[in-house]
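Architecture and fold: a report
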Amino acid sequence: MNRPSFKPQKGFTLIELMVALVLGLILVAAATQLFTGGILSSQLQRANAEIQDSGVFGVDYMLRDIRLANVGNSTNLEINDQTAYGGIVLTGSTATNTSNVNFVPKVSATDYIDSALLSRGSGDAVSTTDNYWKGLSNVKNTAGTAQISDQLTIQFVAPSQMFNCEGQTVYAGDLVVQRYFLRRDANSTGTNDLALACDANTPATTAAAASAQPTAVTGLGTAGQIIIPRVDHFHVLLKARNEDGNLSYYTIPQYRTAAIAARATTPTAKKAPRILAIQASVLIRSTNNAKNTVVDPTQATYVMLDTTVKATDTSNRFLRRVYNSTVALRNAMGENL
């Protein structure tokens with residue numbers, strides 16, 4: 001009887017299986033790394049796009065209105081802390097002083113403007129009233145001290161029918177008062193999210209008579225309209241020239257001090273430094289945590305004009321970017337003839 005023949009079966013050795021397994025794991029790890037890297041890169045690009053949109057469109061919208069400061073005020077060619085109906089609103093009428101101030105009208109039939117609605121900065125007393133200037137900020141200086149955001153209040157006579165920053169129709173010749181400040185963003189999911197908002201006075205319901213200025217300006221002190229979301233800090237400098245021709249950059253409180261000191265000189269009082277331009281700086285952050293190691297919130301610093309700041313939040317890797325701009329004021333360089 002013939003016995004069936006059996007051929008030996010050949011397979012992978014244990015070493016070959018281990019080598020194949022290792023190579024497979026390496027390939028999976030490489031693919032996972034590429035996939036994760038792609039997600040992180042996509043998040044970073046999306047964060048960059050968000051900030052760029054806010055910076056390009058939001059900042060440009062704000063600067064477009066700031067360029068109107070003092071327009072239509074050709075009789076007051078020296079912009080300072082007493083220029084009425086134009087320029088930067090640094091001082092306002094009070095019960096004891098209704099002259100030599102920027103803001104001449106009342107805010108109602110009986111009330112004068114609150115100082116927290118004027119241009120404010122670090123060193124000024126913040127308000128406890130809702131929607132007034134509180135100096136909110138999400139940054140600290142390099143020494144670790146919390147910083148205070150500024151408030152910029154401007155005024156101008158509308159050169160033609162237009163819309164104010166809250167979308168209301170303004171007739172030509174009407175006085176427009178607008179303030180830019182940081183406030184909590186009620187529509188955001190983050191508890192510390194701030195936004196740059198603009199609050200404008202209520203426009204007149206009919207066209208103003210030629211050269212007529214209002215005795216009362218209402219509607220200031222509201223939450224206003226958000227111009228730029230997710231702003232961690234807002235800083236302003238005033239570029240001014242004194243009677244000796246020297247140019248200097250002042251914070252808002254520094255300028256008021258310099259103006260008072262100039263007028264107090266003896267034997268002849270000098271004029272307050274003439275404000276020629278406004279420098280504005282905003283620190284904008286992304287919506288979501290980029291979760292990318294290229295963003296290190298513990299080390300990142302941001303130069304905002306004359307100040308270097310760091311983010312208060314160092315646990316989330318938000319992308320941030322500073323936008324600095326200089327705006328020359330209308331009718332600021334002229335001379336009375």
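Our subject is the structure listed above.
Attention here is on the structure that accompanies the text.

About the thresholds
- Residues numbered from 1 in each chain as written.
- Predicted model: local features only at pLDDT ≥ 70, side-chain atom pairs only at ≥ 80, totals over all residues.
- Heavy atoms only, no water.
- Buried < 20%, exposed > 50% of the residue type's maximum accessible area, 1.4 Å probe, protein only.
- Helix = DSSP H or I, 4+ residues; strand = E, 2+ residues; numbered from the N terminus.
- Pairing = 2+ DSSP bridges.
- Axes fitted to C-alpha atoms, helices over the stretch in contact; angles between N-to-C directions.
- Contact = heavy atoms within 4.5 Å.
- Core = buried A, V, L, I, M, F, W, Y, C linked by side-chain atoms within 4.5 Å.
- Expected span 1.5 Å × (residues − 1).

1. So, the pairing of strand β3 (residues 152-157)
Most of β3 is tucked away, with 6 of its 6 residues classed as buried. Residues L152, I154 and F156 of β3 are buried on one face, and the alternating residues T153, Q155 and V157, pointing to the opposite face, are buried as well. Note: strand β1 (residues 87-88) against β3, 2 bridges, orientation antiparallel. Within β3, the position partnered with I88 by the bridge is I154. Of the pairings in the sheet, the one linking β3 to strand β6 (residues 175-184) comprises 6 bridges and is antiparallel in character. Counterpart to L152 in the pairing with β6 is Y180.

2. Re the sheet that holds strand β9 (residues 231-241)
The 4 strands lie next to each other as β10-β9-β11-β14, forming an open sheet whose pairing is antiparallel. Every interior strand has two partners, whereas the edge strands, β10 (247-250) and β14 (320-328), have only one. Each strand axis lies, on average, 20° off the axis of its neighbour in the sheet, ignoring direction. Pairing of β9 with strand β11 (residues 274-285), which is carried by 10 bridges, proceeds in the antiparallel orientation. By the bridge assignment for β11, F234 is matched with V282. Those strands touched by helix α2 (residues 252-263) are β9, β10 and β11, and its axis lies near 130° from that of β10.

3. Quick notes on the nonpolar core
Of all hydrophobic cores here, the largest spans 49 residues; its most connected members are M62, I66, L196, F234 and Y255. In this structure L196 touches M62, Y180, F181, L182, Q225, I226, I227, I228, V231, F234 and V282, once residues within four positions along its chain are discounted. Membership of the second largest hydrophobic core comes to 13 residues, among which are A84, I113, L118 and Y132.

4. A few points about the sheet that holds strand β12 (residues 302-304)
Strand order in the open sheet formed by 3 strands is β2-β13-β12, and the pairing between neighbours is antiparallel. Edge strands, defined here as strands with exactly one partner in the open sheet, are β2 (139-141) and β12. Within this sheet the neighbouring strands show an average axis-to-axis angle of 45°, counted without direction. Judged from the 3 bridges that link them, β2 and strand β13 (residues 307-311) form a sheet pairing that is antiparallel. When the bridges of β13 are listed, K140 appears paired with K310.

5. Some details on α2
Compared with the 16 Å implied by 1.5 Å per residue over 12 residues, the 17 Å span of α2 between its first and last C-alpha is a close match. Buried residues of α2: I252, P253, Y255, R256, A258, A259 and A262, and no others. Where the residues of α2 are buried, they touch β9, β10 and β11.

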